[in-house]
Amino acid sequence: MFFRESFLHFVWQHRLLDQSKLHTTEGEPVEILSPGFRNPSAGPDFWDARLRIGGQLWAGHVEVHLRASDWYAHHHERDPAYNAVILHVVWEDDMPVFNAAGAPVPALELKDKVLPGVRDNYVQLASAASPLKCAPFLPIPGAEWEKWTERLYVDRLEDKARRTETLLRETVNDWEEVLFRRMLRYFGMVRNTEAFERVAERIGFRVFRKYLHDLPTLEALLLGTAGLLPA
């Protein structure tokens, strides 16, 4: 197989499919009302999708695999987190699958439903030698490229400045509190920035500073505020 699962994620997310051909392997028509939101962590690939399958409206998750049998290779049949999967989107449906509750999971096979040209474009981009895969297809003069990247840098900086100004207004110009919230936000890296910032907001720097020299209490305070301590 010449592509990866990420290709199917892209196809599903952007609905690059012949809508007239969408039906489950059991013959039921499938209408994509919302493909769902891409899940960046463990669990089903797309959350909160809304589909109409066989005339019935469904809301739940979508799992994507190259082959249907990958469901078992990844042991999803043992994981209750996949019981809310309403559609198994696969390139090749090589076998029926069941969730941890023993219920069959409807499958949508994509190998004859992807819009013309999408696969060829994907292969061409994936095989490009440049780290910026689209570079050969977008010949941008050097001066324009530098101007564009500089504008992106400025936009990003201005966005961060606006967020800081908002926090200053909310905290009545408490710079220490603002710095505390921003630092905790970025300790969350890519996936947990919002969660870390909410913890900072709930604790507040004044309380945090009070326990700086009492690490066990400080650790309990952070974990408890994040909801990570057993009840």
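Our structure's up above, just so we're on the same page.
All of these numbers come straight from a predicted model, not from anything done at the bench. Each chain has its residues counted from 1, running along the sequence as written. For this predicted model, a pLDDT threshold of at least 70 governs which residues receive local features, and a threshold of 80 or more governs which side-chain atom pairs are given and counted, while totals over whole chains, interfaces and linings are taken from all residues. Side-chain descriptors were evaluated using all non-hydrogen atoms of the structure, hydrogens and water having been removed beforehand.

Asker: How should I be thinking about the overall build of the protein in this particular structure?
Answerer: Regarding its fold elements, the protein presents eight helices and six strands. Its helices and strands in sequence order give the protein the pattern α-β-β-β-β-α-β-β-α-α-α-α-α-α, from N to C terminus. Taking 231 residues into account, the globule formula puts the C-alpha radius of gyration at 17 Å, and the protein, at 24 Å, lies well above it. Seen through its principal axes, the protein has C-alpha atoms that stretch 65 × 60 × 30 Å. Burial status follows relative accessibility: with a 1.4 Å probe on protein chains alone, a residue under 20% of its type maximum counts as buried, one over 50% as exposed, and anything between as partly exposed. Expressed as a percentage of its 231 residues, the buried residues of the protein come to 31%. Of the contacts formed within the protein by residues at least 6 apart in sequence, a portion of 42% connects residues at least 24 apart. To be clear on the numbers: accessible area is Shrake-Rupley with a 1.4 Å probe, and residue cover counts the displayed protein chains and nothing else. As presented, the protein carries roughly 14,800 Å² of accessible surface, and 57% of it is formed by carbon and sulfur atoms. Averaged over its 28 positive side-chain charges, the protein has a centre that lies 4 Å from the centre of its 33 negative ones. Under the DSSP-based scheme used, a helix requires at least four consecutive residues in state H or I and a strand at least two consecutive residues in state E, with every element numbered from the N terminus. Radius of gyration here is computed from C-alpha atoms only, and the compact-globule reference equals 2.2 Å multiplied by the residue count raised to the power 0.38. By the convention used here, residues are in contact when the closest approach between their heavy atoms is within 4.5 Å. By the counting rule applied here, Lys and Arg register as positive and Asp and Glu as negative, while His and the ends of each chain are not counted. In this description, the location of a charge corresponds to atom NZ of lysine, CZ of arginine, CG of aspartate or CD of glutamate.

Asker: Any chance you could explain the environment of Asp18 here in plain terms?
Answerer: Assignment of secondary structure puts Asp18 in the loop between helix H1 (5-13) and strand S1 (30-34). Separated by 95 residues in the primary sequence, Asp18 and Lys113 have C-alpha atoms spaced 5.3 Å apart. Beyond its immediate sequence surroundings of up to four residues, Asp18 is in contact with Lys113 and Leu115. Pairs of N or O atoms are called polar contacts if they sit within 3.5 Å, as long as, within protein, a hydrogen donor faces a hydrogen acceptor (for residues adjacent in sequence, only side-chain-to-side-chain pairs). There is a polar contact of 2.6 Å between the side chain of Asp18 and the side chain of Ser20.

Asker: Looking at this structure, how should I read the layout of surface pockets?
Answerer: Empty space left among the atoms is revealed by rolling a probe the size of a water molecule over them. Points on a 1 Å grid over protein atoms alone make up a cavity when a 1.4 Å probe fits among them but cannot get out, and a pocket when they form an open set with protein on both sides within 12 Å along at least five of seven lines; lining residues each have an atom within 4 Å of a point. Grid points are joined across faces, edges and corners, and a volume is the space filled by probe spheres set on the points. Here the largest pocket is characterised by a volume of approximately 260 Å³. Lining the largest pocket, in full, are Leu184, Ala195, Phe196, Arg198, Val199, Arg202, Leu222, Leu223, Ala226 and Leu228. Breaking the lining of the largest pocket down by element, the ones donating at least two residues are helix H6 (193-203) and helix H8 (215-225). Looking at the lining of the largest pocket, the element that brings in the most residues is H6, giving five residues. Each residue gets one label: Ala, Val, Leu, Ile, Met, Phe, Trp, Tyr, Cys and Pro are nonpolar, Asp, Glu, Lys and Arg are charged, and the others, such as Gly, are polar. By residue class, the composition of the lining of the largest pocket is eight nonpolar, no polar and two charged.

Asker: Could you clarify how one ought to interpret the pairing of strand S3 (residues 46-53) in this entry?
Answerer: Within a regular beta strand, the side chains point alternately toward one face of the sheet and then the other, so they alternate between its two faces. Bridge analysis of S1 against S3 gives four bridges, and the strand direction is antiparallel. Looking at the pairing, Ile32 lines up with Leu51 of S3. A pair of strands is labelled paired if DSSP reports no fewer than 2 bridges between them. Bridge count between strand S2 (residues 37-38) and S3: two bridges; the pairing is antiparallel. The partner of Arg38 across the bridge, within S3, is Phe46. Bridge analysis of S3 against strand S4 (residues 56-67) gives six bridges, and the strand direction is antiparallel. Directly across from Arg52, in S4, lies its bridge partner Leu57. Counted along the chain from S3 to the antiparallel partner S4, the turn is two residues long, and its residue Gly54 has a positive phi close to 60°.

Asker: Would you explain the side chain of Asn39 in this entry?
Answerer: Its location among the elements puts Asn39 in the loop between S2 and S3. Engagement of the side chain of Asn39 in a polar contact is seen with the backbone oxygen of Ala42, the distance being 3.0 Å. Here Asn39 is in contact with Pro44, Asp45 and Trp47, once residues within four sequence places are set aside.

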